[in-house]
Amino acid sequence: MRIVFMGSPSFAVPSLEALASAFSVLAVVTQPDRRAGRGQELQEPAAKAAAANLGITVLQPHKLSDPGVFEALAELAPDLIAVAAYGQILRQKLLDLPVYGSVNVHASILPRWRGAAPVQAAILHGDRVTGITIMRMDAGLDTGPILAQRETEIGPKETGGQLEARLAKLGAALLVETLPAYIDGTLAPQPQDDSQATYAPLLKKADGKLDFSRPAEALARQVRAFEPWPRSFFHWQGERILVTEAAAESGRAEPGTVVAVEDQPAIGTAAGLLRLIRVQPAGRRAMDADAFVRGSPDFIGNRVDSPSEPSNEP
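Note that the structure is predicted; figures quoted are calculated from it, not measured.

Asker: Break down the pairing of strand β16 (residues 273-281) for me, with residues and values.
Answerer: Looking along a regular strand, one sees side chains alternate from face to face of the sheet. Of all 9 residues that make up β16, 8 are buried, and the element is covered over most of its length. As defined by bridge partners, strand β13 (residues 239-249) adjoins β16 across 8 bridges and the pair is classed as antiparallel. Looking across to β16, one finds that A248 is bridged to L274. As judged from the 3 bridges shared by strand β15 (residues 264-268) and β16, these two strands associate in the antiparallel manner. If you follow I267 over to β16, its bridge partner there is L274. Counting the residues between successive antiparallel strands, the hairpin from β15 to β16 contains 4 residues, one of them, G272, with a positive phi of roughly 90°. With 2 bridges connecting them, β16 and strand β17 (residues 287-288) associate as antiparallel partners. Each residue of the ladder has a partner; that of R278, found in β17, is D288.

Right, dumping it as structure tokens:
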């Protein structure tokens, strides 16, 4: 079977590697290289590097609608397009190009958490179980019929990055397991129940601000969900402090007020305390929260604030 693969971040790499080991991957379509980090150095998508290691041709259109892109893909004459976190919407004309259409590896049990950030949404909302859906794509946002699903429990301390890495491997395995039955017609796609749909929108850097008028349990889940992106933060003395690890504790303090809990700082919330375990002040490395307090002893007993922080970063 001749496959064109579309994917960009590290989540896509296990699916690409699994497909390449089992089928003929004609080309990898991925996002353009982009500047990132403090030095604004040009960085290539993880899928591009993986394709290079596999010796597979890479295409990096700015938009799939750019002139010549559809024609280039049509010339490859793929039997199937396989997608895993590509980052652009595929129009119906492209979805229908291959004989067997286009399939997607989605990191949730659809129809729950359609959209761009399903892994983070599952942790953020306290889901105990998530998983992978292999679906035949249509023009909607993750609305296509389901080919296969596999569930997994979310660990009580699992971060968004850790869960995403696990789901990437689970998705790769389920994809190559599902495709033969789909291709030979013994696996019939099942429609989703749209009435049960929930949505996980694209995250922005500003979404990471901690709102201490919310309960500590919700904020602790946010810290886990948004690690390593977009990260969670508050402001203290005009400085942006990232929170990379935290836990909800019983106790009471005014929302935004810092108190000490067993030599660690904790911040009052609407219900309970958010105990800080690891933090990263702006321009410095991550450190244990008690070490931060030793360097800033006036942190305890003061108040923090978390104003909105506009950002153009995705």
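Once the structure has been displayed, the description carries forward.
Asker: Describe the nonpolar core, and please don't skip the residues or the numbers.
Answerer: Counting 43 residues, the largest nonpolar core has F5, L19 and L179 as the members making the most contacts within it. Residues contacting F5, with those up to four places away along its chain left out, are A12, S15, L16, L19, V25, A27, V28, V29, A82 and A84. Among the nonpolar cores identified, the runner-up in size contains 21 residues, and F212, L219, W236 and A289 belong to it.

Asker: Break down the environment of E44 for me, with residues and values.
Answerer: Residue placement: E44 occurs in the loop between β4 (41-43) and α2 (46-54). Judged by relative accessible area, which is 43%, E44 ranks as partly exposed. In contact with E44, other than residues within four places in its own chain, are D33 and A49.

Calculation rules
- Residues numbered from 1 in each chain as written.
- Predicted model: local features only at pLDDT ≥ 70, side-chain atom pairs only at ≥ 80, totals over all residues.
- Heavy atoms only, no water.
- Buried < 20%, exposed > 50% of the residue type's maximum accessible area, 1.4 Å probe, protein only.
- Helix = DSSP H or I, 4+ residues; strand = E, 2+ residues; numbered from the N terminus.
- Pairing = 2+ DSSP bridges.
- Core = buried A, V, L, I, M, F, W, Y, C linked by side-chain atoms within 4.5 Å.
- Contact = heavy atoms within 4.5 Å.

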